[in-house]
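Listed below, chain by chain, are the residues.
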2 protein chains.
Amino acid sequence: MPYGLRMKRFAWALLLAVPAPLPAQAPAEPPPIAVDLQVAALRDAALKDDYAWDITEGLTTEIGQRLAGTEAEARARTWAVAKLRAMGFSNVRIEEFPVRTAIRGTESAEILAPFPQHLVVNALGNSASTGPAGVTGEVVAFDNVDALRLAPESAIRGKIVFVDHRMTATQDGIGYGQFGAPRRQGPTIASQKGAIAIVIRSIGTDHNRTPHTGVMSFDNGARPIPAGALSVPDAEQLMRIVKRGKPVTMRLRLESQPIDGTSGNVIAEVPGRDPSLPPVLVSGHLDSWDLGTGAIDDAAGVAIAAAAAKRIMDAGRPLRTIRVVWFGSEELGLFGGLDYRARYGKLPHHALIESDFGADRIYKVDSKLGAARREEARMIGAALAPLGIVTGSFEKADGSDIGPMLADGQPGIGLNQDGTRYFDLHHTSNDTLDKVDIEQLRQNVAAWTATLAILSGGIEPGPKPSRAKQR
Amino acid sequence: MPYGLRMKRFAWALLLAVPAPLPAQAPAEPPPIAVDLQVAALRDAALKDDYAWDITEGLTTEIGQRLAGTEAEARARTWAVAKLRAMGFSNVRIEEFPVRTAIRGTESAEILAPFPQHLVVNALGNSASTGPAGVTGEVVAFDNVDALRLAPESAIRGKIVFVDHRMTATQDGIGYGQFGAPRRQGPTIASQKGAIAIVIRSIGTDHNRTPHTGVMSFDNGARPIPAGALSVPDAEQLMRIVKRGKPVTMRLRLESQPIDGTSGNVIAEVPGRDPSLPPVLVSGHLDSWDLGTGAIDDAAGVAIAAAAAKRIMDAGRPLRTIRVVWFGSEELGLFGGLDYRARYGKLPHHALIESDFGADRIYKVDSKLGAARREEARMIGAALAPLGIVTGSFEKADGSDIGPMLADGQPGIGLNQDGTRYFDLHHTSNDTLDKVDIEQLRQNVAAWTATLAILSGGIEPGPKPSRAKQR
C-alpha cells in the first residue's frame, strides 16, 4: 500500500495532463512542477555529449589498468590533471595518500587428480602469496559460506576450501551483497578453520573464463592464506569434478609481491558565483583493478561526473562551486573517499554524487537531501523523467567513496544505473572500452547535467575564468 | 528465380495439404514423400536424448582439453574406448598415428611505449617460440592481409606485424574463410618480408579477452616466426594506440616446446545385417585446442554422432554397418581424417557425415549422394523438416576430417548447424560445457538419428550383439 500511494503521487506530479478524481482518503498531492527551461535545454544538449566518451576512451587507451598504489595509477593522475586542465577546470590538484597493494605474479590452479587439468584463477586482493612452489592439497567444497561456517575444523584443516554460490543478475545489483559473501567472509573463515588456501566461484553473473577479482581482508586476526577466484565456468567444472565423489587434489599457485605505494585523489572545480556556499561534489574513482582497463569500473564514472560539470561550465557560472573528485584507491578499500573525508568531511556539501556502477542507462534517481529540500529533490525527479528515469526514494543515496560521508549525514543523490550486465564484467579482464555503449553513456551525462544544473543553483552567462587563472 | 522455384518445389513436397494451381510453365513436381513411421518415431524419441549430453559432459569434465599428440589426448582415447564399449558398440578400437605438436608456455604481449600496458595474447599453432626473453620491436599495423601483401619489405623488416580484420557473425560461418586470412596467410607473408613476429586480431566475433588460437603454417619455405592472436578487445586497443600516431613498441613472449607425439582415431561400430554393404560413417573429432575444454569443438560433435548411432543400435539391427569415428588431431591439420583415408579411403562408403560446428540447432541439410540417390536425399529432407530443418543443396556436403574423402568422390550429408555464436567461442578458453544448450544438442541428435535411420537402410528388431562379443 505505501508503495501504491507513492506511485500515485508521482503519477500526479509527472502526468499533469491526466485528470482523475482524488480518492477521498488520499493525502494532499504535492503541487505540479515545471522543469526549468535552462535545465531542460542543458539536459537535452547533453544527449549528444562527447566529453564522457573522450575521457573514457582516453583513460582506458592511454593508461589502461591503473591499480591503486602503482606507477600506473600515478600515470593516470598525471593524465587526469592534464585532461581536466585542458577542459578548463579550476583548482586542479592531486591530494596524495599512502596505500599498500600487491603486484600480481604467476597464477594457476591445476587439478592433479582424479582428472588432471588446469582451471583459470586470479588472486583476490590481499591474498597471501603461495610463492613459486604453490600449495597442494585436497579440495573440500561448500555450496555457500554458511555451509563453510557450519563445517567442523577437522573437515577443513590442511585442505583447499572451495566455496560456490548462485549469484544471478539483477538490475539494481542487490545480489552483490549476499552472493559476495564467499569473497568477503570466505577467506577469513577458511583461514580460521585451518585451510591452506581458498578458491571461490567468482562473484559474477557471466560464463566467461575471466575470473572476477576484488578486495577482501583477513579479519579477527585470521592468518592470511592464498585466496583466489575461479571463473564461473571453472567453478562449475570443479563442482562437477568434486561431485564425481573421488578425492580432488589441486595445486594452487598465486604469486604476488606486496608494495607500499602512493595513491591520490584528483580534484578540479567549476568555481561558483558565491564561494561561501557549500560545493556540489560529483565523483567517480580513477583507480581500477589490474585485469581489465577499468572502462566500466570506473573510467566511465569519472567521465560522466566530469562531462556533466564541463557542460555546466560551458553554459556559464553556477551559483555554487562544483567540485569534481576522481578518487584514488577505491578498489582497495575506499581509501580515496576516506582521505577526502579526513580533509573535508566536516565541511558542509550541498550534495554528494558518485558514478560507480558501469556505463549503462540510469533508470532511477534516489535522493537524501532532507525534508526541507524536498522541492529540490522533486525538481530533479521531474527534470530526469523525460530520460526514462523514475523517482525512487527521498530517504537515501549511495556511492562507494562517498558512502562514509553520506553515513555522516552529508546530503546526496543516487543516480542508479542499470546493472543487469554489470556483474558480467566487474573486476574482470573483460572490463574494457568495447563494453561501453556511447548512447547509454550520453543518457548518463544528460541526467547528471540536469541534476547538476539544479543543484548548482542556476547558471548565469558571464566571463568564464581565464585559462591562466585555472592553472 | 531458381531459388524461388526450388522453394516452391519444397513447399509442394512438404505441405501436401495446401492445394494450389500449378503455373503453366512450372517444371514437373517430384512426387510427395511420406516419412517412414519408424524414422519419425526414432527422430521424435531422440528429442529427449541424454546420450549426447552424457558424452559431452563426461569428456569435458573428466578429460578437459585434449590437444592432439599430448598425453591428454591419449587419456581421451582411453576414455572414449571405455565409453563406447560401455554403450554397447562393437569393434571398438584405436588406430594410432604420429603427430608433431607444441606445448604452450608463458605468453604475454606488453606495450612498452607510448602507453605501457599488457595485452592478452595466445600463440597460434606452429608458432615459433620466442624463448623466455621474448622479442621486442616496433609494431606495424595493417587493416587486412591485402594491405600486408602490398606493403614494401622496408616497412616490415625487423618489426612486429599486426593484422586486423572485421569478421562478423554469420549463420553458416562463411566469414571464416575470408576473415581467417590473417591467421592462415599472415604469418607466412610477414615472415617472408622480414618481420620478427606477427600478432593478429583473433579470428572471432566476440568481445571477450579470450584469444582464438588455431593452426597455421609457414609455407613456401618461409622461416617460422612467433605468431600470436590478440583477443578482439586487445586488437581494438592496439589499433587505437597505433592510430594515436606515435611509434608503438611491443615485447612479445610466446614460449612453446615442440613435441613428437602420438595421436589416433577411435572407431566403433553398429554391425549391419549385411556386412558386405558399404558402411555409413558418422564422425566428429576427439582432439581439441588446449585453451578450453573443447565442448563445442568438438565434444558435442563426437557425442552427437555416437548418440545417434546408439539410438539406432537400441532400436535393433540396421541393414548397413554404422561406423562411428572420433578423429584425432583434426585441429593440427585434419590428420585423423587423412589417416582414416589412407587406411579406408579407397573402400566405398554409403555416406560420410561429420559434426564439427558446435552444438546449436541444425537449420539446413545438404547432401551429395549422386543423382541416382536423389530419392534417398529427399527422404532425409522430408524426415528433418519437422525439426525446422530446410533442405539445401543436393550437390554438396562438407566436414573437416571427411573433406578430403568427399573431394575424392565419396558421398556425404551436411547437417548444417547454426553457427551464429560459434566464432564467439571457437578455439578459445571459453569453449566450455556451459556453452552447450541441451535442447539444441537434442535437436541435433534427432536430426542425425533420422538421417542415420534412413541411410542405414531399415532397422530390424533382433538379437543385439552380446556384450561379450563386443569386446
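Notes on the structure follow. As a convention, each chain's residues are numbered from 1 in the sequence order in which they are written. Written order decides the labels, with chains lettered from A and ligands numbered from 1. Local features in this predicted model are restricted to residues whose pLDDT is 70 or higher, and side-chain atom pairs enter the listing and the counts only when it is 80 or higher, whereas totals over whole chains, interfaces and linings include all residues. For side-chain calculations, the full set of non-hydrogen atoms in the structure is used, while hydrogens and water are omitted.

Least squares is the method for superposing the copies, and the C-alpha atoms it fits come from residues with pLDDT of at least 70 in both. Superposing chain A onto chain B requires a rotation of 180° together with a translation of 0.0 Å along the rotation axis, leaving an RMSD of 0.0 Å. Both copies of the chain, as the preceding transformation shows, are related through a two-fold rotation axis. A high fraction, 100%, of the interface residues of chain A reappear at the interface in chain B, so the copies pair face to face through one surface. Residue contacts follow a heavy-atom distance rule, with two residues in contact if any of their heavy atoms lie within 4.5 Å.

All names here are of chain A. For the exposure calls, accessible area comes from a 1.4 Å probe over protein chains only, and a residue counts as buried if that area is under 20% of its type's maximum, exposed if over 50%, partly exposed in between. A run of H or I in DSSP counts as a helix once it spans at least four residues, and a run of E counts as a strand once it spans at least two, with each numbered from the N terminus. Across the two faces of strand β12 (residues 351–354) the burial is the same, with A351 and I353 and L352 and E354 all buried. By definition, two strands form a pair when at least two bridges between them are found by DSSP. Relative to β12, strand β9 (residues 280–285) runs parallel, the two being bridged by 4 bridges. Its bridge partner lying in β12, L281 is registered against L352.

Taken residue by residue, the interface counts 29 residues in chain A and 29 residues in chain B. Accessible area, probed at 1.4 Å, shrinks when two parts are joined; the buried area is that loss added up over both. When the two sides are added together, the surface that chain A and chain B hide from each other amounts to roughly 2200 Å², 43% of it contributed by carbon and sulfur. Three residues, T61(A), R209(A) and R244(A), lead the burial of chain A against chain B; their summed loss comes to 25% of the area buried on that side. What makes a salt bridge here is a side-chain nitrogen of Lys or Arg within 4 Å of a carboxyl oxygen of Asp or Glu, nothing more. Ionic pairing is found between E62(A) and R244(B), a salt bridge with its closest N-O pair at 2.8 Å. Whenever two N or O atoms come within 3.5 Å, that pair is a polar contact, provided that in protein one can donate a hydrogen and the other can accept it, and provided that, for residues adjacent in sequence, both atoms are side-chain atoms. In this structure, the connection of chain A to chain B is made through 19 residue pairs in polar contact (both at pLDDT 80 or more). Taken together, the elements giving at least two residues each to the side of chain A that touches chain B come down to α3 (51–62) and α9 (232–243) of chain A. For this classification, Asp, Glu, Lys and Arg are treated as charged, while Ala, Val, Leu, Ile, Met, Phe, Trp, Tyr, Cys and Pro are nonpolar and the rest, including Gly, are polar. A breakdown of the residues in the side of chain A that touches chain B according to their chemical character gives 7 nonpolar, 13 polar and 9 charged.

Attention shifts here to helix α4 (residues 71–86) of chain A. Residues and elements named next belong to chain A. Multiply 1.5 Å by the residue count of a helix minus one, and that product is the helix's expected span. For α4, spanning 16 residues, the distance from its first C-alpha to its last is 23 Å, which sits close to the expected 22 Å at 1.5 Å a residue. Taken as a whole, α4 has its buried residues at A72, E73, A76, R77, W79, A80, V81, K83 and L84. In this structure, the buried residues of α4 make contact with α3, β1 (90–113), β8 (249–270), α10 (295–315) and β11 (322–327). Backbone geometry just downstream of α4 places G88 in the positive-phi region, at approximately 100°.

Residues and elements named next belong to chain A. Close contact between α3 and helix α15 (residues 438–455) brings their axes to 9 Å; oriented N to C, the two are set at 120°. Between α3 and α15, the crossing angle belongs to the class labelled oblique. Considering how the two elements wind past one another, α3 and α15 form a crossing that is right-handed. In this structure, α3 contributes A52, W53 and T56 to the contact, and α15 contributes I438, L441 and V445. Split into classes, the residues belonging to the contact of α3 with α15 amount to 5 nonpolar, 1 polar and no charged. Fitting a line to C-alpha atoms yields each axis, with helices limited to the stretch in contact; the angle taken between N-to-C directions then spans 0 to 180 degrees. We call two directions roughly parallel when the angle between them is under 35 degrees, roughly antiparallel when it is over 145, roughly perpendicular when it lies between 65 and 115, and oblique otherwise. Handedness of a crossing is defined here by the sense of rotation of the near helix relative to the far one, left-handed for an anticlockwise turn of less than a right angle and right-handed for a clockwise turn.

Below, the discussion takes up unusual backbone geometry. Looking along the chain, the bond that leaves A113(A) and enters P114(A) is cis, with omega of 5°. For L334(B), which is not glycine, the phi torsion reads 60° and is therefore positive. Among the structural elements, L334(B) can be located in the loop between β11 (322–327) and α11 (335–344).

All names here are of chain A. Here α3 crosses α10 at 140°, and the two axes come no closer than 7 Å. It follows that α3 is oblique to α10 by the angle criterion. The crossing of α3 and α10 is right-handed. Across from Y51, A52, I55, T56, L59 and T60 in α3, the residues of α10 making contact are A295, A299, A300, V302, A303, I304, A306, A307, K310, R311 and D314. For the contact of α3 with α10, a count of residues per class yields 12 nonpolar, 2 polar and 3 charged.

On to α9(A), then. Residue and element names in this part refer to chain A. For α9, which comprises 12 residues, the first-to-last C-alpha distance of 16 Å matches the rise-based estimate of 16 Å (1.5 Å per residue) to within 8%. Burial analysis of α9 places 9 of its 12 residues in the buried class, which makes it a mostly covered element. Inspection of α9 places V232, P233, D234, A235, Q237, L238, M239, R240 and I241 among the buried residues, and these make up the whole buried set. Following α9 by one or two positions, G245 has its phi on the positive side, about 95°.

The next thing to look at is the side chain of R240(B). With respect to the element layout, R240(B) can be found in helix α9 (residues 232–243). Buried charge without a salt bridge: R240(B), with E57(A) as the nearest opposite-charge side chain at an N-O distance of 4.2 Å. Residues in contact with R240(B), not counting those within four places in the same chain, are E57(A), T61(A) and L433(A). Charge counting treats Lys and Arg as positive and Asp and Glu as negative, with His and both chain ends excluded.

Here the focus is the packing of aromatic side chains. Residue and element names in this part refer to chain A. Planes of paired rings set the category: under 30 degrees apart is stacked, over 60 is edge-to-face and the rest tilted, where pairs are Phe, Tyr or Trp rings (Trp by its six-membered ring) whose centres lie within 6.5 Å. One pass over the full model with this rule turns up 12 aromatic pairs over all chains. Through pairs of rings, three or more aromatic residues link up here, namely Y176, F357, Y422 and F423. The criterion for a charge sitting over a ring is simple: Lys NZ or Arg CZ within 6 Å of the ring centre, and within 35 degrees of the ring normal. Directly above the aromatic system of Y176 lies the positively charged group of R184, at a separation of 4.5 Å from the ring centroid.

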